[in-house]
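# Remarks on the overall topology
Residue strings, one per chain:
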Amino acid sequence: MPISRLTLQQQVRDELLGWIQEGKLAAGQRITEERLSNLLSVSRTPIREALRGLEREGLVCRASRGYSVAAINEQMVREVYPMLCVLECLGLRLGMPRLAALCDRLDELNRGMEESGVAAASRYSLDSEFHQILAGTHDNASLQQELDRLRRMVRGYDGAWERGLADVRGSCAAHAAIVEAIRGGDILLAERTL
């Protein structure tokens, strides 16, 4: 079993990130180092470092006497989603040689999303895994780091992890078309569909 080497700051960051993504810390909510220190039973130094890191990622912003969870706005959506799309297409292109071997897994994930009675959170998880495989089967660590960062940003705002996908049928149809394009070796069709 591997030994965990997470620093206290990384553990605090991961906890705060989870709270933001799960809505326990809502968009616009004011957060202070003192309050977090009491909640997490750690000193303010790792909290301060974690908040600075989350600020660099665009998940929190400085407010008077502390921070607040970054609120969604039209500007952010217009800026982040196109970037995420372009980077996912790049990840798809770079991973294309390996993706053909993963088409069965992609189909399996897509079928899981289509099943009736699947909880919203499970459907979101299946969709996330589909996109992680689709755009993450490459060796470009910098690209993957940026994809992960942008996904963390939108996850906290889109609410899909809690309410489910807005258009399950449409998403599943698009997923199936992407997988077929991959099987056929048509990278341009796969990118256009994505």
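Look above for the structure.
Residues numbered from 1 in each chain as written. Predicted model: local features only at pLDDT ≥ 70, side-chain atom pairs only at ≥ 80, totals over all residues. Heavy atoms only, no water.

## Concerning the packing of helix α1 (residues 8-22) against helix α3 (residues 44-56)
Quick reminder of the rule: Axis lines are fitted through C-alpha atoms, for helices just across the contact stretch, and the angle between N-to-C directions can take any value from 0 to 180 degrees. Numbered from the N terminus, helices here are DSSP runs of H or I no shorter than four residues, and strands are runs of E no shorter than two. In these notes the angle categories are as follows: under 35 degrees is roughly parallel, over 145 is roughly antiparallel, 65 to 115 is roughly perpendicular, and the rest is oblique. Each crossing is labelled by how the near helix is turned from the far one, with a counterclockwise turn of less than a right angle marking it left-handed and a clockwise turn marking it right-handed. We call two residues contacting when some pair of their heavy atoms lies within 4.5 Å.
Put simply, α1 and α3 touch, their axes get as near as 8 Å, and they point 55° apart. Taken as axis vectors, α1 and α3 run oblique relative to one another. Our pair here, α1 against α3, has a crossing hand that is right-handed. Between α1, through L8, Q9, V12, R13, L16, L17 and I20, and α3, the contact on the second element is made entirely by P46, I47, E49, A50, L51 and L54.

## Some thoughts on the nonpolar core
For the record, the criterion: In plain words, nonpolar cores are sets of buried Ala, Val, Leu, Ile, Met, Phe, Trp, Tyr and Cys residues tied together by side-chain atoms within 4.5 Å. When accessible area is computed with a 1.4 Å probe and restricted to protein chains, residues below 20% of their type maximum are described as buried, those above 50% as exposed, and intermediate ones as partly exposed.
Ranked by internal contacts, the top residues of the largest apolar core, which has 27 residues, are L16, I20, L25, I31, L51, L54 and V60. Where this core is concerned, the elements lending two or more residues are α1, α3, β3 (66-69), α4 (74-99) and α7 (141-158). With sequence-adjacent residues up to four places away left out, L51 is seen in contact with L16, I31, E33, L36, V60 and Y67. Within the second largest apolar cluster, 15 residues are counted, among which are M96, L109, I133 and V179.

## Some remarks on unusual backbone geometry
Residues other than glycine seldom take positive phi values, yet S41 does so here, at roughly 55°. Within the element layout of this structure, S41 appears in the loop between α2 (33-40) and α3. With phi around 55°, R65 is a residue other than glycine that occupies positive phi space. Of note, R65 is situated in the loop between β2 (60-63) and β3.

## What about the sheet that holds strand β1 (residues 30-31)?
Stated precisely, the cut-off is as follows: A pair of strands is treated as paired once DSSP finds two or more bridges between them.
On the basis of which strands lie adjacent, the open sheet formed by three strands has the order β1-β3-β2 and antiparallel pairing. Two strands close off the open sheet at either side, each with one partner strand: β1 and β2. When β2 meets β3, the two strands line up antiparallel, connected through four bridges. Each residue of the ladder has a partner; that of C61, found in β3, is S68. The strands that α3 touches are β1, β2 and β3; relative to β2, the one it contacts most, it runs at about 115°.

## Considerations on the pattern of salt bridges
Stated precisely, the cut-off is as follows: For salt bridges, the criterion is a side-chain nitrogen of Lys or Arg within 4 Å of an Asp or Glu carboxyl oxygen.
Considering all chains together, one arrives at 15 salt bridges under this definition. Put simply, R151 and E88 hold a salt bridge, and the shortest N to O gap is 3.0 Å. Within this pair, whereas R151 is found in helix α7, its partner E88 is found in helix α4, the two being separated by 63 residues in sequence. Residue classification places R151 among the buried residues on the basis of a relative accessible area of 14%. In this structure E88 comes out as buried when scored by relative accessible area, which is 9%. For R149, the salt bridge identified is with E146, shortest N-O distance 2.6 Å. Of this pair, R149 and E146 both sit in helix α7, three residues apart, roughly one helical turn. Each of D104, D107, E180 and R183 takes part in one network of salt bridges that share partners.

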